[in-house]
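Remarks on the overall topology
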Amino acid sequence: MTLGIVAALHEEIADLLAEMAPGAHVEHIGMRDYHVGKLHGHDCVIVLARIGKVAAAATTAALIHRFDVREIVFTGVAGGLAHGLSVGDVVIADTLTQHDMDASPLFPRFEIPLLGRAAFDAEASLRDALAQAAREWLADEMAAQVSAALRTELRMSAPRVHVGQIASGDRFVSSAHEVTLLRGTLPQALAVEMEGAAVAQVCHEYGIPFAVMRTLSDAADDTAHVDFPRFLREVASHYSHGILRRFLCARSAPSN
């Protein structure tokens, strides 16, 4: 069974690509490089989708049609929406919705026209396995991977794992006003990003199990003052690599 691993930014998969490089080959399709090989005993295709819902959807469709992937995991960063979340926390999606989908009055707001639903469920076993891998990595390895000085700077005192709704849209949410509006219209949403719900819709339509994991880089509002490129290099890259490595190794381990 082949697993597709997708991200929107290179830093989020760079270490995974380096680890898979020996013996892997690259296929260039639709302006994207699909890295095909084995990672911790699993057949994998790793690809940089680039940013936004259309890019994510096109990449997901190619993974399904060209590479016959049977499962997809999307990894990356997001902004926190819910109160009580902190930089360095991990959000694993249980459902995903497109916060900028509005075909009203023909259809209810957020509902995907002709599909009759506004949210898509992540596959439970993938979701739970990712959440467990994230909890273990935060407890066992995070402190060694992210410097103490940076953790202090970002107030990453005790990062946690949350499972809940993620909202996606083709807009970078960066103001307190936008966060307030999203909290009002999607009160269950924990985080906001730009790709996950598009991946979810394509996977739903093709019957492909999927999961989405996000590391919170900020609170998605005016109070966030994070050096985003630095966060990608020194925090998010370690999260993606470490958590997905544990996720894959756990799936390779023999069951009792």
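Residues numbered from 1 in each chain as written. Predicted model: local features only at pLDDT ≥ 70, side-chain atom pairs only at ≥ 80, totals over all residues. Heavy atoms only, no water.

The name an unreviewed UniProt entry assigns to the protein is adenosylhomocysteine nucleosidase, from the organism Pandoraea sputorum. UniProt lists a comment for the protein under the heading Pathway (unreviewed entry), and it reads "Amino-acid biosynthesis; L-methionine biosynthesis via salvage pathway; S-methyl-5-thio-alpha-D-ribose 1-phosphate from S-methyl-5'-thioadenosine (hydrolase route): step 1/2." (UniProt positions renumbered as here; feature names shortened; annotations may be inferred.)

**Let's talk about the layout of surface pockets**
Any empty space left between atoms is shown by rolling a water-sized probe over those atoms. Here the second largest pocket defines a volume of roughly 260 Å³. Where the lining of the second largest pocket is concerned, the elements lending two or more residues are strand 5 (71–80), strand 9 (189–193) and strand 10 (210–218). Along the lines of polarity and charge, the residues of the lining of the second largest pocket split into 11 nonpolar, 2 polar and 6 charged. (1 Å grid on protein atoms, 1.4 Å probe; cavity = no way out; pocket = protein on both sides within 12 Å on 5 of 7 lines; lining within 4 Å. Points joined across faces, edges and corners; volume = space filled by probe spheres on them. Helix = DSSP H or I, 4+ residues; strand = E, 2+ residues; numbered from the N terminus. Nonpolar A, V, L, I, M, F, W, Y, C, P; charged D, E, K, R; others polar.)

**A short note on the pairing of strand 4 (residues 42–48)**
Successive side chains on a regular strand alternate, one facing one side of the sheet and the next facing the other. Counted residue by residue, strand 4 has 5 buried out of 7 residues, so it is predominantly covered. In this sheet, strand 4 lies alongside strand 1 (residues 3–7) in parallel orientation, the contact comprising 5 bridges. From the neighbouring strand, Val6 faces strand 4, where its bridge partner is Val47. Inspection of the sheet shows strand 3 (residues 32–39) paired to strand 4 by 6 bridges, in the antiparallel sense. Across the sheet, Gly37 pairs through a bridge with Cys44, a residue of strand 4. (Buried < 20%, exposed > 50% of the residue type's maximum accessible area, 1.4 Å probe, protein only. Pairing = 2+ DSSP bridges.)

**Notes on the environment of Leu85**
By secondary structure assignment, the location of Leu85 is in the loop between strand 5 and strand 6 (90–98). As a C-alpha pair, Leu85 and Leu190 span 105 residues in sequence and 8.1 Å in three-dimensional space. The residues contacting Leu85, other than those within four sequence positions of it, are Gly80, Val91, Arg160, His162, Leu190 and Leu216. (Contact = heavy atoms within 4.5 Å.)

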